[in-house]
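Working through the structure, step by step
Residue-level listing of the chains:
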Amino acid sequence: MENKFIGKVVNDYVIEDYINEGQIGKVFKAHRQDIDEYRAVKFIPINNLRSGWENEITKVVKIKNVRGVVRYYDHGYIEVEGDKYLYMTWDYISSQSLRDVINDDEITLPILVDIFETILQIFHACGQQRIVHADLHSGNILVESNNELLLNPEQRRVYITDFGYATADGLIDILDDFKGLDRIIKECLVKIDFHKLEGKDKSIYRLFKNEIPKILLETNITEGDWVRNPKKILEKWVALRDSNTNHVNISTNIGDYLAAEHIGKNYEEWEKLFVPEILAVDELFSKNICVLTGLRGCGKTMIFRRMTAIFDEHLGKAGVIGADNFIGFYLNARNIAEAFPWLPDRHEDNARLQVINFFHLSWCLEIIEWLKIKSRKDNLDLNWITEYFRKYYPNNIYTSNSNYNILFHLSSFFSLELDRSRLKSSYNQNNNWELTDLTFLEEFAVKLIEHCNLDPKLLFFFLDDYSTPLVSVATQRILNPIIFRRSASVFFKVATESTESFEPYGLNGKVLEEEDDYKLIDFGTYAFSLKKPKRHEILSSIIKKRIERHPKLANRNIELKDILGQTKLDNVQLSQLIRNDNVVDATGMQPKKVSYVGIDVFCYMWSSDIRESISLFAEMISKVNLDQTDLDKDYIISPEIQDNAYRDAGGKFLSLLESVTNPSKNNFEISYCEKTYGGHLVEIAKAFHEVATYELLNKNSKNVNQNPPKQARRIEITGVDSNMPDEIYDYYRGILRYGLFIRDFRGKSVRGKAVPRLYLRGLLIPYFRLSFSRRDSITMNWDEFCMFLRDPKVFKKEFILKQKQKNDTSNEQYKMDL
């Protein structure tokens, strides 16, 4: 069919050679002889055109001068042998598609680096023009052939082509750009032999394998201003690249390893940093399916990874209550998201078997890695495992007299099967996926317990980062029937960002009920429920590990309270000072500014986010000149440094919150520059601040002997008896998802409804100049709460006006009584 285009003339260019084709069109090389110039011409049958095809051209024109973008020239219509086609002419680049480069084993680390940096620069340009590529994959990346015109002919420049039809407005069948780039990196790494790389290149390879995926797939902007910001990501990449290749940092710092993933398999560091004090440990390790939520950085990943059988083999038991009753295995759901970056709801049925097969293979590989260690220590006969998997793969599983050979073969084979299961150009609906039975893990677990002498222990499957939008709604609906399947031997422990970040639907769309189908454990609510001594104990033990990493504080038996000092004001005294701070006395002097100082403040700011506490502590220590500080004083960090750090932390959180996006939307539906949603959440925070401040300055607590100022940190909702409108529910999801408010543990999660009690995040208390007291509340009826979410500015004005009117009425009544 390609031959019918050869010799045709398009705008003085003669079609000479066929290049390649995509799903809807074919690309040819064309030559204009009088100026000896070449063009690439794409022909698309008129019948193949989809609505919005012009977007591909429009997007490229907007960023035509950006390095790495294939330039567009013109388009029109042509008839070839009775068939009508749209043609587009582009720069001709002597090149291969990245997909061909990968398949031909020609991909190198320098090419991958150039791909990564070029695409990020193009992403930045797209963001400035409020567009997305929308169809980024290895077939749409061109790698230039050796160019003799360059000083370094072997330098193969990278170009991006074939922008998708979809726009940032949210058309379906669109691949999120950042997920697309992550997928491209994965495809390249598979073909680059790590063991043949030199020292510096090995560091770069590790960055692409371990660090860059987390950076690209992160969607929560409160993690930092680099999230989904190509310019900042590129800066972060350069800093990581240089720090990993220019020197080896052997010193230790208080702020090291803020994310458990950064520790990797450095078991020595795991032993130094892990603290066996775990919130809700009895509930978490009970014989129940559990969904664990909590603010980012609350330690979910560290707990899950440390509680695995592999870590026990390397480090011994962790010393956590209940850990002797189970054998744990770990999987990060990011692996699933990376394997299936594109899965719209309408493709759920097409992808079901492929996704389930990938999920089961991932757990098999984790179990086999553990068996490799255990079989070396224990005298196990593993021939049963070859027999077991032979029923699924009768022609591919081989037995051996050596446990090592058995496990090595299975590991290699399953790794290949795992790669085969990944989404390529489309979902494979043929029934050739072997591990698709919903009962597979349960049956495998029974065999494992029997042949490895594990009885009466159970198998706990720790599934981390199971949160939308990272793991799509469609993917969760596919996997939930496995995860929430009731079993006597397998129990899933699922970590998710919030109660609003996983889909509570199981087999056949059944709504999963809390307490019946799973036990919900919210670290945020458990942290709030802790008494002061226990709160101090947990944070002090965590920070103690960090203190011992500081070269000038280690081995001195210094505790958290020694560094921060005692908090001299209780909540009542603090609130009274805040009230006084807003009143000018008879001399015209302003009272002394309220300061937040001491160990109580530090501990009460903790709303379950351990990483936040460590970062805050490390920042304060960094501002102290320890060479000139008396380490035997009542405190090491000055009150000024503490107070400023606490206030700055709250301000930074609100600044980042302003840029967060709607968690109910897919990332590709949100413009790069859209800040409306995050800005609205900030307005909700400010409205609560002003209402709570008004109450503190003007009202006293009831039923308290001291008659202190009213200290409202809590929202109390009455009459929660109707479903939220969707537009309001999106804001409710956001205030929980991003940790602006924390659920009260007495409030049950009901789909589409609010819980009765919400607490302001501790990080914001010093910034808003409130107290940490949990005694008082801002009471809202259902309509008021909906207004609070929908229009916080109006709510604030009306609420304060009502309070003033009540005060005026009370004063009038008081005068009449007199």
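Conventions we followed
- Residues numbered from 1 in each chain as written.
- Predicted model: local features only at pLDDT ≥ 70, side-chain atom pairs only at ≥ 80, totals over all residues.
- Heavy atoms only, no water.
- Helix = DSSP H or I, 4+ residues; strand = E, 2+ residues; numbered from the N terminus.
- Rg over C-alpha atoms; globule rule 2.2 N^0.38 Å.
- Buried < 20%, exposed > 50% of the residue type's maximum accessible area, 1.4 Å probe, protein only.
- Contact = heavy atoms within 4.5 Å.
- Areas by Shrake-Rupley, 256 points an atom, 1.4 Å probe, with all protein chains shown as cover.
- Lys, Arg positive; Asp, Glu negative; His and termini not counted.
- Charge placed at Lys NZ, Arg CZ, Asp CG, Glu CD.
- Expected span 1.5 Å × (residues − 1).
- Bend = angle between axes of the 7 residues up to and from the residue.
- Phe/Tyr/Trp six-rings, centres within 6.5 Å; stacked < 30°, edge-to-face > 60°.
- Pairing = 2+ DSSP bridges.
- Axes fitted to C-alpha atoms, helices over the stretch in contact; angles between N-to-C directions.
- Polar contact = N/O pair within 3.5 Å; in protein donor to acceptor, adjacent residues only side chain to side chain.
- Salt bridge = Lys/Arg side-chain N within 4 Å of Asp/Glu carboxyl O.
- Core = buried A, V, L, I, M, F, W, Y, C linked by side-chain atoms within 4.5 Å.
- Parallel < 35°, antiparallel > 145°, perpendicular 65-115°, else oblique.
- Left-handed = near helix turned anticlockwise from the far one by under 90°.
- Nonpolar A, V, L, I, M, F, W, Y, C, P; charged D, E, K, R; others polar.
- Disulfide = S-S within 2.5 Å.

1. Quick notes on the overall build of the protein
- When helices and strands are counted, the protein shows 29 helices and 18 strands.
- The C-alpha radius of gyration computed for the protein amounts to 30 Å, which stays within 12% of the reference 28 Å derived for 818 residues, consistent with globular compactness.
- In terms of principal-axis extent, the alpha carbons of the protein reach across some 105 × 70 × 60 Å.
- Across the 818 residues that make up the protein, the buried fraction comes to 56%.
- Long-range contacts, defined as pairs at least 24 residues apart, comprise 73% of the intrachain contacts of the protein with a sequence gap of at least 6.
- Roughly 37100 Å² of accessible area belongs to the protein as shown, and the carbon and sulfur atoms make up 46% of that amount.
- Taking the average location of the 109 positive side-chain charges in the protein and that of its 118 negative ones, the two points are 4 Å from each other.

2. A short note on helix α5 (residues 199–217)
- When the terminal C-alpha atoms of α5 are compared, their 27 Å separation across 19 residues agrees well with the 27 Å that a helix rising 1.5 Å per residue should span.
- Along α5, the largest kink reaches about 45° and is centred on E211; proline P213 follows within four residues of it.
- Taken residue by residue, α5 has S203, I204, Y205, L207, F208, E211, I212, P213, K214, I215, L216 and L217 as its buried positions.

3. Quick notes on the packing of aromatic side chains
- Tallied over the full model, the rule gives 63 aromatic pairs.
- Aromatic pair Y72 and W90: ring centres 5.5 Å apart, planes at 70°, arrangement edge-to-face. Remark: W90 occurs in strand β6 (residues 83–91) and Y72 occurs in strand β5 (residues 72–80); sequence separation between them is 18 residues.
- For the pair Y388 and F389, a centre-to-centre distance of 5.2 Å together with 85° between the ring planes defines the contact as edge-to-face. Per residue, the accessibility class of Y388 equals that of F389, and both read buried.

4. Regarding the environment of M605
- With respect to the helices and strands, the residue M605 is situated in the loop between α22 (599–604) and α23 (610–622).
- It is 7.7 Å that separates the C-alpha atoms of M605 and R761, two residues lying 156 residues apart in sequence.
- When near neighbours in sequence (up to four residues on either side) are disregarded, M605 contacts E612, L616, Y646, G762, L763, P766 and F772.

5. Quick word on the environment of S138
- By secondary structure assignment, the location of S138 is in the loop between α3 (109–128) and β8 (141–144).
- With a relative accessible area of 1%, S138 lands in the buried category.
- For S138 and S425, which are 287 residues apart along the polypeptide, the C-alpha to C-alpha distance reads 9.9 Å.
- Look past the residues within four positions of S138 in its chain and what remains in contact with it is S97, L98, R99, I102, I184 and E187.

6. Some thoughts on the pairing of strand β4 (residues 37–45)
- Where strand β3 (residues 26–32) and β4 come together, 7 bridges link them in antiparallel fashion. Residue K26 lies in a different strand from β4, and its bridge partner there is F43.
- Where β3 folds back onto β4 in an antiparallel hairpin, the turn is made up of 4 residues, including D36, whose phi is positive at roughly 50°.
- Two strands pair when backbone bridges link them, and β4 and β6 are joined in this way by 7 bridges, in the antiparallel orientation. The partner of K42 across the bridge, within β6, is M88.

7. Points about the sheet that holds β8
- The 3 strands are arranged β7-β8-β9 in an open sheet whose pairing can be described as antiparallel. Looking at strand neighbours, the two that pair on one side only are β7 (95–97) and β9 (158–160), the edges of this open sheet. The mean inter-strand angle of the sheet, taken between neighbouring strand axes irrespective of direction, is 30°.
- Where β7 lies against β8, 3 bridges are found, and the strand directions are antiparallel. Of the residues in β8, the one forming a bridge with S97 is L142.
- Sheet strands touched by α3: β8 and β9. Its angle to β9, the strand with the most contacts, is close to 40°.

8. Things to note about the side chain of D176
- With respect to the helices and strands, D176 occurs in the loop between β9 and α4 (177–191).
- For D176, a relative accessible area of 6% gives the class buried.
- A distance of 3.1 Å separates a polar atom in the side chain of D176 from the backbone nitrogen of K179.

9. Let's talk about the pattern of salt bridges
- This structure, assessed with the given rule, holds 59 salt bridges.
- Close ionic contact of E417 with R420 constitutes a salt bridge, the shortest N to O distance being 2.8 Å. Separated by 3 residues within a single helix, E417 and R420 lie in helix α15 (residues 403–421), roughly one turn from each other.
- On the basis of relative accessibility, which here comes to 31%, the residue R420 falls in the partly exposed class.
- Residues joined in a network through salt bridges with shared partners are E218, E223, R296, R334, D465, E497, R611 and R737.

10. Quick word on the pairing of strand β11 (residues 326–332)
- Burial of β11 is extensive: 7 of the 7 residues sit out of reach of the surface.
- With burial as the criterion, each face of β11 is covered, one bearing F326, G328, Y330 and N332 and the other bearing I327, F329 and L331.

11. As for unusual backbone geometry
- Between D455 and the following residue, P456, the backbone shows a cis peptide bond with an omega angle of 15°.
- Mapping P456 onto the fold places it in the loop between α16 (440–451) and β12 (458–464).
- In this chain, T468 is followed by P469 through a cis amide linkage whose omega measures 0°.
- With phi around 60°, R130 is a residue other than glycine that occupies positive phi space.

12. Focus on the nonpolar core
- Among the nonpolar cores identified, the biggest contains 255 residues, and F208, F359, F389, F492, F785 and F788 are the most heavily contacted of them.
- Counting residues per element, this core draws most heavily on helix α13 (residues 348–377), which supplies 14 residues.
- In this structure F788 touches I684, A687, F688, I715, F741, M780 and F795, once residues within four positions along its chain are discounted.
- Ranked by size, the runner-up nonpolar core spans 12 residues in total, among them I15, V41, I78 and V80.

13. Thoughts on the side chain of R535
- By the secondary structure assignment, R535 is in helix α19 (residues 532–547).
- Among residues more than four places away in sequence, those in contact with R535 are A527, F528, L530, C603, Y604 and W606.

14. Here we look at the packing of α19 against α23
- At their nearest, the axes of α19 and α23 sit 11 Å apart, and the two run at 50° to each other. The angle between α19 and α23 places the two elements in the oblique class. The element α19 and its partner α23 pack so that their crossing is right-handed. Between α19, through L539, I542, I543, R546 and I547, and α23, the contact on the second element is made entirely by I610, S613, I614 and F617.
- Along the lines of polarity and charge, the residues of the contact of α19 with α23 split into 7 nonpolar, 1 polar and 1 charged.

15. Some remarks on the state of the cysteines
- Enumeration according to the criterion identifies 0 disulfides in this entry.
- You can see C364 has no disulfide; the closest cysteine sulfur is in C452, sitting 13 Å from it.
- Take C364: its relative accessible area is 1%, and that puts it in the buried class.

16. As for the sheet that holds strand β18 (residues 776–781)
- Taken in spatial order, the 4 strands of this open sheet run β16-β17-β15-β18, and their pairing is mixed. The sheet is open, and its two edges are formed by β16 (741–743) and β18, each paired on a single side. Pairs of neighbouring strands in the sheet enclose a mean axial angle of 30°, with direction left out of account.
- One ladder, built from 6 bridges, connects strand β15 (residues 712–718) with β18; its direction is parallel. Of the residues in β18, the one forming a bridge with T718 is N781.
- Of the strands in this sheet, β15, β16, β17 (757–760) and β18 touch helix α28 (residues 782–790), which is tilted by about 100° from β18.

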